[in-house]
Amino acid sequence: EAQVTQNPRYLITVTGKKLTVTCSQNMNHEYMSWYRQDPGLGLRQIYYSMNVEVTDKGDVPEGYKVSRKEKRNFPLILESPSPNQTSLYFCASTPAGTSYNEQFFGPGTRLTVL
Amino acid sequence: AQSVAQPEDQVNVAEGNPLTVKCTYSVSGNPYLFWYVQYPNRGLQFLLKYITGDNLVKGSYGFEAEFNKSQTSFHLKKPSALVSDSALYFCAVRDGATGGFKTIFGAGTRLFVKA
């Protein structure tokens, strides 16, 4: 089944404790992206990647890191989480053939930073 | 700069009645417009998109959307709402002129369909 998977689905952590949220897709998509969803703000892009070893900042990159060492994986790293990073996070992938291809989303990771 | 506005936080409609979820956009080039739906505890699912051509676009689950260039709108519609349509709906836009993948999402509109 074609899908985007994220782990963990739920995470409660404390301020300053490094964490990684994994994202993997099995559709051989070139473009991957991380978003955070906050009430009243919709989805805001954190980072994106056009292909392996090619990443760039989105609209809200502060406090986050990413890497793209393999085409299928795009982990999101919070080196020192803070309470304002409490949010619902989504990973998405898109085939890069044309810029009007739709995105495929993972199920989401709900993060709470205490 | 790209932007998307969904002027209604919530839309309430009775089952069987037509529904409309509004979206207006701003891009410097030609817009690629998308609608996604989010059910509780799920990721976003693609519903439909407008690229070019016919202004009325048909998508999944009986939804359609009408592109209006002069009003810069892309409203989502369905002739007869179902209780199962209750969900959070997002409008999104890409600037087709740049050829890039950056997507701007609206804040979302929660649809409640009452039996």
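Scroll up to find the structure.
One structure accompanies this document, and this report is about it.

**Digging into the state of the cysteines**
Residue and element names in this part refer to chain A.
Point 1. Per the counting criterion, the structure on display carries two disulfides over all chains.
Point 2. Two residues, Cys 23 and Cys 91, share a disulfide whose sulfurs are 1.9 Å apart. Across the S-S bond of Cys 23 and Cys 91 the torsion is about -70 degrees, and the bridge reads as left-handed. Within this pair, whereas Cys 23 is found in strand S3 (residues 19-25), its partner Cys 91 is found in strand S9 (residues 87-94), the two being separated by 68 residues in sequence. For the residue pair Cys 23 and Cys 91, the accessibility class agrees, reading buried in each case.

**A look at the interface of chain B and chain A**
Point 1. In this complex, chain B contributes 23 residues to the contact, which on the side of chain A involves 26 residues.
Point 2. At the boundary of chain B with chain A, total buried surface from both sides reaches about 1,900 Å², with 56% on carbon and sulfur atoms.
Point 3. Of all residues in chain B, the largest losses of buried area upon contact with chain A belong to B:Leu44, B:Phe101 and B:Phe105, amounting jointly to 32% of the total for that side.
Point 4. Where chain B packs against chain A, one counts two salt bridges.
Point 5. For B:Lys102, the salt bridge is made with A:Asp59, and the minimal N-O distance between the two is 2.9 Å.
Point 6. Counting the contacts that link chain B with chain A gives eight residue pairs in polar contact (both at pLDDT 80 or more).
Point 7. Of all elements in the fold, only strand S5 (31-38), strand S6 (44-50), strand S10 (87-95) and strand S11 (104-105) of chain B reach the threshold of two or more residues within the side of chain B that touches chain A.
Point 8. Sort the elements by how many residues they give to the side of chain B that touches chain A and S5(B) lands first, with four residues.

**As for the sheet that holds strand S1 (residues 4-7) of chain A**
All names here are of chain A.
Point 1. Strands sit in the order S1-S3-S8-S7 across an open sheet of four strands; the sheet is antiparallel. Strand pairing shows two members of the sheet lacking a second neighbour, S1 and strand S7 (65-66), which therefore form its edges.
Point 2. Examined bridge by bridge, S3 and strand S8 (residues 76-78) share three bridges and lie antiparallel to one another. Paired with Thr 20 across the strands is Ile 77, a residue of S8.

Criteria and thresholds
- Residues numbered from 1 in each chain as written.
- Chains lettered and ligands numbered in written order.
- Predicted model: local features only at pLDDT ≥ 70, side-chain atom pairs only at ≥ 80, totals over all residues.
- Heavy atoms only, no water.
- Disulfide = S-S within 2.5 Å.
- Helix = DSSP H or I, 4+ residues; strand = E, 2+ residues; numbered from the N terminus.
- Buried < 20%, exposed > 50% of the residue type's maximum accessible area, 1.4 Å probe, protein only.
- Contact = heavy atoms within 4.5 Å.
- Buried area = accessible area lost by both parts, 1.4 Å probe.
- Salt bridge = Lys/Arg side-chain N within 4 Å of Asp/Glu carboxyl O.
- Polar contact = N/O pair within 3.5 Å; in protein donor to acceptor, adjacent residues only side chain to side chain.
- Pairing = 2+ DSSP bridges.

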